[in-house]
Amino acid sequence: MPPQPNLKLAILALGLGAFAIGTSEFAAMGLLPWYASDLGISEPQAGHVVSAYALGVVVGAPITSILGARLPRRRYLAGLIAVYGVMNLLAAVLPGYGTLVGTRFLAGLPHGGFLGVAMLFAADALPRDQRAKGVTQVLLGLTVANIAGVPLAGVLGQGLGWRWGFALPGVLALLAGWLILRLAPRVGAPRDARPLAELKALRNPAVMLILLVGAIGFGGLFAVYSYLSAAMLATTQPPGWAIPATLSAFGIGGTLGSILAARLTMRHGTWGAALRLMLFMAATQAFAAWAVGDWGMMLASSFLLGLGSGMVVPLQTRLMEVAGEAQSMAAAMNHAAFNAANALGPWLAGWALAAGWGWRSSGLVAVALSGAGMLALGLAWQQARLAGNRLHDRPARV
């Protein structure tokens, strides 16, 4: 892709789209008590709104990757983020619980495709020695969303009504789509694109096992975080600033966690870093269960939960190593895996809450999911070890 004067602004536009996605995804968890009360439903029922979005990401990631393989990336990305904006605005204005669940599912469909292709687009737009910089700038949108966007949506939701928490990212997404069309370089569709070849990633056991680690292991994080605001309001009497501060603490923890996870991965490799981070996640989830009833400790637990979310770094690194030519599908499916966790965790925690096990039960469910994630990590490591042995034992060609 030839250099363009507005290239940096184009990547910032992609980052704005990521900011909108991060704000909408996590604000839905922080605003859960407010739309549950307004719609006259229980917190476990409101958790289905979070799960519906996550299922939309899981369904949409492979579909958008295949359908968009031969489309010009500028229009493809602008179209995806525009659809995302419209669905968020519909969630903000349409009445009823059923329509909220439906619009959140539809909003999830473009999520994985946009973020996956945006990272590749940003990397390809810069010289080879600056590719990582482009990817980082896109991902920065997600990080900043948890520090600033989600708390802002929380403040709007508490002060003006929960619907503003969805309207804000909806407007930002439409703005990002317009900026992408205006600023992104005009290039044609990839000539060598083979949509069905992307499906090879879904037939690669090494890829699928890593995705399984994310889908199960990260379920614990979302089991706690999805109900953290509701648990704080139900068991304590926090000051008005505590909920936004708790959401921001998660984002700050996530930013530091990504930096620390990168260092762990470089020092201990993908397997060593993933195991250490999984153990850390289980410990923070146990702490979150213990902290219920003390809003200050719950705020601290939010920071620690975010700190453990850096496990995405070694898992993404491993995917890049084993995905081969199906990098686009693998990148999109990585987001799908974490949103499968976003569906699984709140659903299991909601089931425990509905059964009357109390607000601490979400943390206990989380620890169990982290344990299952460690088992999946062990299976992935064993598969890689066996595959390496088979490659080593293969006779050399002469």
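These numbers were taken from a predicted model, which means no experiment stands behind them.

Draft legend 1. Just the packing of helix α11 (residues 228–235) against helix α13 (residues 295–308), in detail. Close contact between α11 and α13 brings their axes to 10 Å; oriented N to C, the two are set at 170°. Taken together, α11 and α13 sit at an angle that is classed as roughly antiparallel. In contact with Leu 228, Ala 231, Met 232 and Thr 235 of α11, α13 contributes Trp 295, Met 298, Leu 299, Ser 301 and Ser 302. Residues that form the contact of α11 with α13 fall into these classes: six nonpolar, three polar and no charged.

Draft legend 2. Region of interest: the environment of Ile 259. On the secondary structure map, Ile 259 appears in helix α12 (residues 242–291). The class of Ile 259 is partly exposed, set by a relative accessible area of 43%. Along the chain, Ile 259 and Val 313 lie 54 residues apart, while their C-alpha atoms are 9.0 Å from each other.

Draft legend 3. Region of interest: the packing of α12 against α13. Packing of α12 against α13 leaves a shortest axis separation of 4 Å and a crossing angle of 30°. Between α12 and α13, the angle falls in the class roughly parallel. A breakdown of the residues in the contact of α12 with α13 according to their chemical character gives 22 nonpolar, ten polar and no charged.

Draft legend 4. View of the nonpolar core. Formed by 74 residues in total, the largest nonpolar core has its most connected members in Tyr 35, Phe 166, Phe 218 and Tyr 225. Those residues within four positions of Phe 218 in sequence are excluded, and the remaining contacts are Val 213, Met 281, Ser 309, Met 311, Val 312, Phe 338 and Ala 341. Grouped together as the second largest cluster of nonpolar side chains are 34 residues, Tyr 76, Tyr 84, Leu 183 and Ala 184 included.

Draft legend 5. How the structure looks around the packing of aromatic side chains. Evaluation of the coordinates by the stated rule reveals nine aromatic pairs. On the numbers, 6.3 Å between centres and 80° between planes, the contact of Tyr 53 with Tyr 84 is edge-to-face. On the criterion of sequence distance, the pair formed by Tyr 53 in helix α3 (residues 43–67) and Tyr 84 in helix α4 (residues 73–93) is long-range, its members being 31 residues apart. In this pair, the class of Tyr 53 matches that of Tyr 84, namely buried. Geometrically, the ring pair formed by Trp 162 and Phe 166 is edge-to-face, given 6.0 Å between the ring centres and 85° between the ring planes. Of the aromatic side chains, those joined through ring pairs into one cluster are Tyr 35, Trp 162 and Phe 166.

Draft legend 6. Spotlight on the confidence of the model for the protein chain. With 87% of its residues at a pLDDT of 70 or more, the protein chain shows a mean pLDDT of 82. In this model residues 1–5 is a low-confidence stretch, pLDDT under 50, and it forms six contacts with partners more than four residues away in sequence or in other chains. For residues 391–398, every residue scores under 50 in pLDDT, and the model assigns this stretch zero contacts once sequence neighbours within four places are set aside.

Cut-offs applied
One numbering rule holds for all chains: residues counted from 1, following each sequence as written. Local features are withheld for residues below a pLDDT of 70 in this predicted model, meaning they are given only at 70 or higher, and side-chain atom pairs are given and counted only at 80 or more; totals for whole chains, interfaces and linings count all residues. Hydrogens and water molecules were not included; the side-chain quantities draw on all heavy atoms of the structure. Convention adopted: a line fitted to C-alpha atoms gives each axis, helices being fitted over their contacting stretch, and angles between N-to-C directions are expressed from 0 to 180 degrees. Helix and strand labels come from DSSP, where a helix needs a run of H or I of at least four residues and a strand needs a run of E of at least two; each type is numbered from the N terminus. Note on angle classes: values under 35 degrees are labelled roughly parallel, values over 145 roughly antiparallel, values of 65 to 115 roughly perpendicular, and the remainder oblique. It only takes one pair of heavy atoms within 4.5 Å for two residues to be counted as in contact. Under the scheme applied here, ten amino acids are nonpolar (Ala, Val, Leu, Ile, Met, Phe, Trp, Tyr, Cys and Pro), four are charged (Asp, Glu, Lys and Arg), and all others, including Gly, are polar. Exposure categories follow from relative accessible area, calculated using a 1.4 Å probe and restricted to protein chains: below 20% of the type maximum is buried, above 50% is exposed, and the middle band is partly exposed. Nonpolar core, defined: a set of buried Ala, Val, Leu, Ile, Met, Phe, Trp, Tyr and Cys residues in which side-chain atoms within 4.5 Å join the residues together. Centre distance within 6.5 Å is the pairing criterion for rings of Phe, Tyr and Trp, where only the six-membered ring of Trp is used; planes under 30 degrees apart are then read as stacked, over 60 as edge-to-face, and the remainder as tilted. Known as pLDDT, the predictor's confidence for each residue is given on a scale from 0 to 100.

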